[in-house]
Each structure stands twice: as structure tokens, then as C-alpha cells.
Amino acid sequence: MKWVLWGLGGLVFAFWASWSWAGRDLRPLDEIERARAPGQFAEVPGAKIHYRLTGPEGAPLIVMVHGFSTPGFIFDQNAEALRVAGFRVLQFDHLGRGWSDRPASRYDTDFYDWELLALLDALNVTEPAGFVGLSMGGPIVAEFAVRHPERVTRVFLFVPAGLDVAGMEGAQASLIRTPVIGDWLWRMVAMPSVANDPQYDESGLAPGDRLQGDVREQMKYRGYGRALLSTFRHFPMRGREDTYAALAATGIPVAAVFGTNDPTVLIASAEQMSGVMPEANVHILEGADHGLNYKRHRDVNPILTGWFEQEAAWFEGKPEPEIQSVFDTGEEEIIDPALLESMPQRPPNMIPHEPSGPACRMSRIGTRRCP
């Protein structure tokens, strides 16, 4: 028995030592480090969120919500197209990602709804806006629109998660959801696979079709892996048919783009979305993978901008914007000051629906995560 206990103790020590060693180079994301970040920081209760707000002041606002692991710069090519089309664009890093704080919290449906609402309130965004969701950002935006339809005009989804998503089931996924052993597997196995995701191999892409930031920079700081693990455990990436059906019931116009070669959000999701959201405008891009929003931005940007340009009330009586493209040039925007009118309010007959997720709880960063 004594040898068994010694063996178990040695095994526990080996697990702890390897886990600690794997995280030895992680450093805190403090103010000195954050001074290198582009953009600005919004103060929300208990945390700071990194964001960039670009485009003509007073123009219709488009809020871009990124996915699981890559921060807000994943939208750079799309944001430029929206600015050229006359929109104001909000890009931000989820808590736990990019340059935003990494609170030790439960990253679930309520958390991401609270985060988005807190950010908009911190920036004094009161007018209804257009929303773009990418991958995991799809169900985040859908849930937000269900809970706060008066704040949403239109929704556009790039390869939205929530339906047929790979890697969410099976023995490995179950082990990762198991405390202790799952934490070890996440740091030792899953995080290296995130850093070496084949999606980030851009060797065959032109510079303008690549990510416009270093996705691995955020991985140098403590809390990134913990935030991803908590999200994996607590935020459902599939089985969200009820969420999308509830979004359809709001009457908010929705468009989505899927890729036939996407190894993450499988193409079967397109048919499933059409089934639960018959009025959704669903596009399928042949040969596109999970990074289609930037790798194939020349194909998807006309769909994206055209979708929001259909919100006719935004543009009634407004002159055409004169904005110089700034992508890959490093030059400043040239903005027509005539775009200064405020956005219209959502009609008063929009009544908020009940949340489709679990009941609200208190956040571990000291605030309620949804109203």
C-alpha cells in the first residue's frame, strides 16, 4: 500500500511539474505590456476591454464580434470595406483574448452577453446597430439579439458556430471537460494545437489575404488558455437551434456565409440554419474554409456591405461618403464630415424576448452578467 501511495504521489507531482513547466514563460498582461496595444480600452465593471472604433463619426455603427481564439483584428479586411461603404465600425477583443483583461470567470452564454452589453454601455452606444458574428461570435450575437432586439438592426454571420461543429464531442472533449485532468490536457495538448492550427498557415496567401496581426502574441500572457478552457467547458458551440429559432422570431434580418471546405463549422450547418431560420439569407462559398472572412474577403465583402446597405433608413437623405481605402497603405482615412446624422431608433413594437440560455448569475468579476 505504501508503494502505491508513493506511486500516486509521484504521478501527481509529475503532472503538476509538467503543467507548471509548460506555463513557465507566461507573463502578466499589465499596463506596461498594454501600452503597446493599438486602439483604446473601455472600462467595464471589473475589467478592461480593448477596442478600436473607426470610420465616420455619426455614421451607422457595425459591431464585430469575433470567435473562440483569434482577437478582433481578424475582421480588419471586412472593417475596411464597411468603412469605405460609409459605416462606423467597432472591433474589440473578447475578455480573455487579445489585449483585453483575462478575468478568472465562467465564460458562458451569460458572460458573453454581459460583456457585449457592458462594452456598448461603456462607449455610450444607445442607437440600434448592425452586428457581425464570426464562428463562436455567431451564437453570441444571436443570443444578444434575442435578449436585446431593440439594440439590433441587422445581423450578419460568418461561418457561425452553434449547429454542426467539429471537435465538441467524443472522448477527448469529455476528458477536457473533466476537472484537473482536463486542465492538464488543455495546457499540454490543446493549447499547442491552437498555436499550430493549420488555419494559421498563410504561406500560400497574398499579404492582403492574411491575418493583419500576430495571433500568437496574445498567447504569451497569463489567462488566455484559462479563458479558452472555460469557454470550451461552459459555452455551447453546438445544439443552439433554439437560439437561432428565437432570433428568427424577433424578425431581425439575418444573413450568413458558410464555406464548403470548413473543417470546424461543417457545411451541414448551412442547411440546418435554413431549417430553423427559413427567412435567413444563407450563402455558400465554394472551396472556402473557416477563415473565409479574410482569406476570401474580396468575395464576401460585397455580400457583407450590401447586407447592411439594405437598411435604407440609415441612408435616406445622406450624400455618398468619400473615404479613401487605407488597407495595406498605412495612410489615414479621409472622411466626409457630412456623415454626422445619428442612427434611427428601432421601432417601438420590438419587444425583448426571454433569454434562451440559462438564468443569469453573478459574475466572478463582481457584476451581474445580464439584466
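Right above here is the structure, for reference.
Every value quoted in this text rests on a predicted model; they were computed, and no experiment measured them.

Student: Explain the environment of Met136 to me, please; I cannot follow it from the model alone.
Tutor: Positionally, Met136 belongs in the loop between strand S5 (129-134) and helix H5 (137-147). Sequence spacing of Met136 and Val65 is 71 residues, and the spatial spacing of their C-alpha atoms is 8.6 Å. If we skip the residues at most four places from it in the chain, Met136 touches His66, Gly67, Phe68, His94, Arg97, Tyr112, Ala161, Thr231, Phe235 and Met237.

Student: Please explain the pairing of strand S3 (residues 61-65) as it appears in this structure.
Tutor: The side chains of a regular strand alternate, residue by residue, between the two faces of the sheet. Within S3, five of the five residues are buried, leaving the element largely enclosed by the surrounding structure. The alternating pattern of S3 places Leu61, Val63 and Val65 on one face and Ile62 and Met64 on the opposite face, and all of these are buried. As paired strands, S3 and strand S4 (residues 88-92) are joined by four bridges and run parallel to one another. Residue pairing across strands places Ile62 opposite Val89, the latter belonging to S4.

Student: When you look at the nonpolar core in this model, what are you seeing that I'm missing?
Tutor: Grouped burial of nonpolar side chains is what soluble globular proteins tend to show. Counting residues in each nonpolar core, the largest one holds 96 residues, and the members touching the most others are Val63, Phe131, Val132, Phe156, Phe158, Trp186 and Phe308. Ranked by residue count, the leading element in this core is helix H4 (residues 109-122), at eight residues. Beyond its immediate chain neighbours, meaning those up to four positions away, Phe156 contacts Phe131, Val132, Gly133, Ala255, Val257, Ile303, Leu304, Trp307 and Phe308.

Student: For this particular structure, what's the right way to read the packing of helix H9 (residues 241-250) against helix H10 (residues 268-276)?
Tutor: A pair of packed helices can be characterised by two numbers: the angle between their axes and the separation between those axes. The geometry of H9 relative to H10 is characterised by a closest axis approach of 9 Å and an angle of 50° between their N-to-C directions. Relative to H10, H9 is oriented oblique. As for the relative orientation of H9 and H10, their crossing is right-handed in sense. Together, Glu241, Tyr244, Ala245 and Ala248 of H9 and Gln272, Met273 and Val276 of H10 make up the contact between the two elements. Classifying every residue of the contact of H9 with H10 gives five nonpolar, one polar and one charged.

Conventions and cut-offs
Residues numbered from 1 in each chain as written. Predicted model: local features only at pLDDT ≥ 70, side-chain atom pairs only at ≥ 80, totals over all residues. Heavy atoms only, no water. Helix = DSSP H or I, 4+ residues; strand = E, 2+ residues; numbered from the N terminus. Contact = heavy atoms within 4.5 Å. Buried < 20%, exposed > 50% of the residue type's maximum accessible area, 1.4 Å probe, protein only. Pairing = 2+ DSSP bridges. Core = buried A, V, L, I, M, F, W, Y, C linked by side-chain atoms within 4.5 Å. Axes fitted to C-alpha atoms, helices over the stretch in contact; angles between N-to-C directions. Parallel < 35°, antiparallel > 145°, perpendicular 65-115°, else oblique. Left-handed = near helix turned anticlockwise from the far one by under 90°. Nonpolar A, V, L, I, M, F, W, Y, C, P; charged D, E, K, R; others polar.

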